[in-house]
Amino acid sequence: IRSHMLIDKHFAVSAVDPRMYGSFIEHLGRAVYGGIYEPGHPTADENGFRRDALEAIRALQVPIIRYPGGNFVSGYNWEDGVGPKSERKRKLELAWWTTETNAVGTNEFADWAKLAGSEVMMAVNLGTRGPDAARNLVEYCNHPSGSYYSDLRISHGYREPHRFKTWCLGNEMDGPWQIGAKTAVEYGRIANETGKVMRWVDPTIELVACGSSSRGMPTFAEWEATVLDLAYDQVDYLSLHAYYNNNAGDTANFLASSLDLDQFIGGVASIADYVQAKKRSKKKIMLSLDEWNVWHSIGTSRASERWQIAPPEFEDAYTFEDALAVGCYLITMLKHADRVKMGCLAQLINTIAPIMTETGGSLWLQTTYYPFLHASNYGRGTVLQSVVDSPKYDAKDFTDVPYLESVSVFDEAQGVLTIFAVNRHLEESMALDVDVRSFGDARVLEHIVLESDDLKATNTKTAPNRVVPRTGGESKIDQGRVQAVLGRASWNVIRIA
Ligand code: AHR
């Protein structure tokens, strides 16, 4: 099959907000305990942070990490996680029915995030708590000194405030599974009032309101409209959560699921704009896709035995086709870079994650690590408006699915144009012709490829390199036209300068 693209360096969609490549670490499964934190591990530093995990995370260049949940935050008392470790309480954790030791809390996570080169996207508990606990947490984290909570932080060894900028007003408050779930009106009101006092403590913060837990929620759309109606002036972002899988065993349909994400993002942007129009507001609400991923084990319940400490949970083994899907989602997010300012791959380590560790043992990288690595490392700059002509197919839930899923990003500072492209065709390679004449006399720097004969191939502890990228993909440039071959079912990164 053949496809064509036209890219013009003068036609921009939007600058990419680096926070597009954020991620998420929740007190869930072995993400914190056994993931980033494991005192006694051979690679642990003096604070118990695994250096092998830090190294794998740093390579991803994750600018922001959401914390501490997720569902966990809706039952969390932040005070339990600060102060002398010997005095921290063990608590029954009701989101995942585990025992939370509180060995890691806000300050430890802030320390760790600094090492990882990431900002923290803090979430406040709007399940069991409300404005009071939230404003105290902002005071504890962000106020310099001279008040009870800021001085408490200083007494805990943190003279400088953390200055967390981005704050989530609760998590998935529309979900019946959520501790303290709410109706849209209940949530819109509490989000507004909580946001108000948080901003009074620190006017520099940015606030994210909960959108629907998924596009499939029965209250989707109505929820967004009502919440924004009630909290528009207080919030800067509206959240979206999207998880997909191929549990139905239909790869063509699964790889088309980025069209669902595309419609989801477009729909939420329209709802936000509807409320803006209704309010005659000058402010545009931006979107935070602060949970997204492939999730095979979604909907399976919590650990069978209650109240364990950090039991392994949702440790999905990602296949090669999952990596293709993740690539398609990243491309889709980039195509919406004018509205999607933050994204969080959910999650980062062990729990539905690109990075896996063995407690006490080694670390390996899942298939999905690689498209995220490439997008985060090379997808910085400006998304360009590309015109794409690709043959299409029909799948079970989608019609007119282009075999070519692609986007281009121009890094003006480096003078490098990067084309991300997935060939969704499962049998045929694709001859891709890209008109890049507006870039003048350019050459192909590299063409990175992720492919496998086996769509179900995974990387494991004992075989960590089954699916790894290679350079040397087939691309040449002739008179301002890139001629590339994209193997069947492949992820491609073509860099031109
Ligand atoms: O990321 C795992 C869980 O998925 C989060 O805790 C919750 O917000 C979502 O349902």
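What you see is a predicted model; the values in this text were computed from it and never measured.

A. Examining the overall build of the chain more closely. The secondary structure content of the chain amounts to 10 helices and 23 strands. Scaling as 2.2 N^0.38, a compact globule of 497 residues should have a C-alpha radius of gyration of about 23 Å, and the chain matches this with 22 Å. Along the three orthogonal principal directions, the C-alpha set of the chain runs to about 65 × 60 × 45 Å. Scored against the burial criterion, the 497 residues of the chain give a buried share of 52%. Counted over contacts in the chain with a minimum sequence separation of 6, partners at least 24 positions apart contribute 77%.

B. Inspection of unusual backbone geometry at higher detail. For the bond from Tyr-67 to Pro-68, the omega torsion is 0 degrees, close enough to zero to count as cis. Along the chain, the position of Pro-68 falls in the loop between strand S3 (64-67) and strand S4 (91-93). Even without being glycine, Arg-280 reaches a positive phi, approximately 50 degrees. Mapped onto the elements of the fold, Arg-280 is located in the loop between helix H8 (258-279) and strand S10 (286-294). The phi torsion at Asp-400 lies on the positive side, around 55 degrees, for a residue other than glycine.

C. Region of the structure containing the environment of Phe-254. Take Phe-254: it is sitting in helix H7 (residues 251-255). It is 7.3 Å that separates the C-alpha atoms of Phe-254 and Ala-325, two residues lying 71 residues apart in sequence. Sequence-distant contacts of Phe-254, that is, excluding residues within four places in its chain, are made with Tyr-244, Asn-246, Glu-321 and Ala-325.

D. Main features of the sheet that holds strand S21 (residues 475-478). Read across the open sheet, the 9 strands follow the order S20-S23-S18-S17-S14-S1-S19-S22-S21; overall the sheet is mixed. Of all strands in the sheet, those with a lone pairing partner are strand S20 (444-450) and S21, marking the two edges. Direction aside, neighbouring strands of the sheet carry axes that sit 20 degrees apart on average. Relative to strand S23 (residues 490-496), strand S18 (residues 416-423) runs antiparallel, the two sharing 7 bridges. Within S23, the residue paired with Ile-419 across the bridge is Ile-494.

E. Inspection of the pairing of strand S22 (residues 481-486) at higher detail. Residues Val-482, Ala-484 and Leu-486 point to one face of S22 and are all buried, whereas Arg-481, Gln-483 and Val-485, pointing to the other face, are not buried. Alignment of strand S19 (residues 430-435) against S22, held across 6 bridges, turns out to be antiparallel. When the sheet's bridge partners are listed, Leu-432 is paired in S22 with Ala-484. Sheet topology note: the S21/S22 ladder contains 4 bridges and is antiparallel. The partner of Ile-477 across the bridge, within S22, is Val-482. Counting the residues that bridge the hairpin from S21 to S22 gives 2 residues, and of these Gln-479 lies at a positive phi of roughly 50 degrees.

F. Region of the structure containing the site of the ligand. Glu-26, Leu-28, Gly-69, Gly-70, Asn-71, Asn-171, Glu-172, Ser-213, Glu-291, Ala-346 and Gln-347 make up every residue found near the ligand. Class assignment for the residues of the shell around the ligand results in 2 nonpolar, 6 polar and 3 charged.

G. Region of the structure containing the nonpolar core. Grouped together as the largest cluster of nonpolar side chains are 152 residues, with contacts concentrated most on Ile-65, Ala-209, Val-235 and Ile-355. It is helix H9 (residues 320-335) that contributes the most residues to this core, 11 residues altogether. Structurally, this core is a two-domain feature, drawing no fewer than three residues from each of domain 1 (2-10 + 384-496) and domain 2 (17-378). Apart from the residues lying within four places of it in its own chain, the contact partners of Ala-209 are Leu-169, Ala-191, Val-227, Ala-231, Val-235, Leu-238 and Ser-239.

H. Just the packing of helix H6 (residues 222-231) against H8, in detail. In the contact formed by H6 and H8, the axes pass within 9 Å of each other and the chain directions differ by 35 degrees. Crossing hand, H6 versus H8: right-handed. Contact residues: H6 offers Glu-224, Ala-225, Leu-228 and Asp-229, while H8 offers Val-268, Ile-271, Ala-272, Tyr-274 and Val-275.

I. Spatial organisation of the sheet that holds strand S11 (residues 340-346). Strand order in the closed barrel formed by 8 strands is S2-S3-S6-S7-S8-S9-S10-S11, and the pairing between neighbours is parallel. For this sheet, the mean angle separating the axes of adjacent strands, direction not counted, is 30 degrees. Note that strand S2 (residues 22-24) and S3 share 2 bridges and pair parallel. Bridge pairing in S3 places Phe-24 opposite Arg-66.

J. How the structure looks around the domain arrangement of the chain. By domain assignment, the chain separates into domain 1 (2-10 + 384-496) and domain 2 (17-378). Look at where the C-alpha atoms of domain 1 and domain 2 centre, and you get two points 30 Å apart. Contact residues are listed per partner, giving 33 residues for domain 1 and 32 residues for domain 2. Contributing elements (two or more residues each) for the side of domain 1 that touches domain 2: strand S17 (404-411), S18, S20 and S23. Top element by residues in the side of domain 1 that touches domain 2 is S17. It accounts for 4 residues. Taken together, the residues of the side of domain 1 that touches domain 2 break down into 19 nonpolar, 6 polar and 8 charged.

How each quantity is defined
Residues numbered from 1 in each chain as written. Predicted model: local features only at pLDDT ≥ 70, side-chain atom pairs only at ≥ 80, totals over all residues. Helix = DSSP H or I, 4+ residues; strand = E, 2+ residues; numbered from the N terminus. Rg over C-alpha atoms; globule rule 2.2 N^0.38 Å. Buried ≥ 20, exposed ≤ 12 C-beta atoms within 10 Å, placed from the backbone. Contact = placed C-beta atoms within 7 Å. Pairing = 2+ DSSP bridges. Axes fitted to C-alpha atoms, helices over the stretch in contact; angles between N-to-C directions. Near = placed C-beta within 6 Å. Nonpolar A, V, L, I, M, F, W, Y, C, P; charged D, E, K, R; others polar. Core = buried A, V, L, I, M, F, W, Y, C linked by C-beta atoms within 7 Å. Domains from an automatic or database assignment. Left-handed = near helix turned anticlockwise from the far one by under 90°.

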